[in-house]
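For reference, the chains in residue letters:
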Amino acid sequence: MEEPVFQRHKEVRIAKLADDRYRLDGEMRDDFHHIRASLTIEYPSMTVLHAEGEMVKGTNPPFCAGATQVLGSLVGERIHRGFTKVAADKVGNRYGCPHLMEVITDIGRAAFQIHMANLRNRALETPDLAKLLTQPIEKRKFALGAMPQLADSCWVFNTANDDRFERELGRQ
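Residues numbered from 1 in each chain as written. Predicted model: local features only at pLDDT ≥ 70, side-chain atom pairs only at ≥ 80, totals over all residues. Heavy atoms only, no water.

Q: How should I be thinking about the pairing of strand S2 (residues 21-30) in this particular structure?
A: Within a regular strand, the side chains alternate between the two sheet faces. Within S2, 7 of the 10 residues are buried, leaving the element largely enclosed by the surrounding structure. Bridge analysis of strand S1 (residues 8-18) against S2 gives 10 bridges, and the strand direction is antiparallel. Across the sheet, residue His9 finds its bridge partner in S2, namely Arg29. When S2 meets strand S3 (residues 34-42), the two strands line up antiparallel, connected through 9 bridges. By the bridge assignment, Leu24 is partnered in S3 with Leu39. Here S2 hands over to S3 after 3 residues, the two strands then running antiparallel side by side. (Buried < 20%, exposed > 50% of the residue type's maximum accessible area, 1.4 Å probe, protein only. Helix = DSSP H or I, 4+ residues; strand = E, 2+ residues; numbered from the N terminus. Pairing = 2+ DSSP bridges.)

Q: Is there a simple way to explain the layout of surface pockets in this structure?
A: Unoccupied space between atoms shows up once a probe the size of one water molecule is rolled over them. Taken as a whole, the largest pocket holds about 440 Å³ of empty space. Along its surface, the largest pocket is lined by 20 residues, and Ile79, His80, Arg81, Gly108 and Phe112 are the ones closest to its centre. Put simply, the parts of the chain that give the lining of the largest pocket at least two residues each are helix H1 (83-90) and helix H2 (98-124). Among the elements that make up the lining of the largest pocket, the one with the highest residue count is H2 (7 residues). Across the lining of the largest pocket, the residue classes break down as 8 nonpolar, 9 polar and 3 charged. (1 Å grid on protein atoms, 1.4 Å probe; cavity = no way out; pocket = protein on both sides within 12 Å on 5 of 7 lines; lining within 4 Å. Points joined across faces, edges and corners; volume = space filled by probe spheres on them. Nonpolar A, V, L, I, M, F, W, Y, C, P; charged D, E, K, R; others polar.)

Q: So what exactly am I meant to see when it comes to the sheet that holds strand S4 (residues 47-57) here?
A: What holds strands together in a sheet is hydrogen bonding between their backbones, with the strands either parallel or antiparallel. Spatially, the 4 strands line up as an open sheet ordered S1-S2-S3-S4, and their pairing is antiparallel. Looking at which strands have only one partner, the edges of the open sheet turn out to be S1 and S4. Averaged over all pairs of adjacent strands, the angle between their axes in this sheet comes to 10 degrees, without regard to strand direction. Its contacts with the sheet put H2 on S1, S2 and S3, and the angle it makes with S2 is roughly 140 degrees. (Axes fitted to C-alpha atoms, helices over the stretch in contact; angles between N-to-C directions. Contact = heavy atoms within 4.5 Å.)

Shown next, in the form of structure tokens:
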């Protein structure tokens, strides 16, 4: 195998602080950068209550550290389908950093998993619903019914695929 000339690693962790509070931590490390960011959000509104970050390593220290000053502008914003644009406008600009914005958008994309985890946990607590988790079509319908915002968000939840998935599973 060839020796890589560049490597980048990313991680997002989500911790429940209270029934209505979560902390979302993101980190990116590569050969030139090490960036951390953290958002505390209110659930279920997904409103950012606190934002902070650290430029552990950047391409031009100590100047890169100043880029985290823009994170406070995310307080009051909601994490939703348009959050990537919000992050680009508020963090990925000349006062921030495109790499820091990348960490924030990764956090935003992962935040939706809070809904999925809570939905799964609710299903597991109810025997009839837990049974749905083993049936792909019913599981998909349950998820779409519980979270209408999933509709047309990806291949699995593309509503144009309803009949296709029914036919495919019917053949098995």
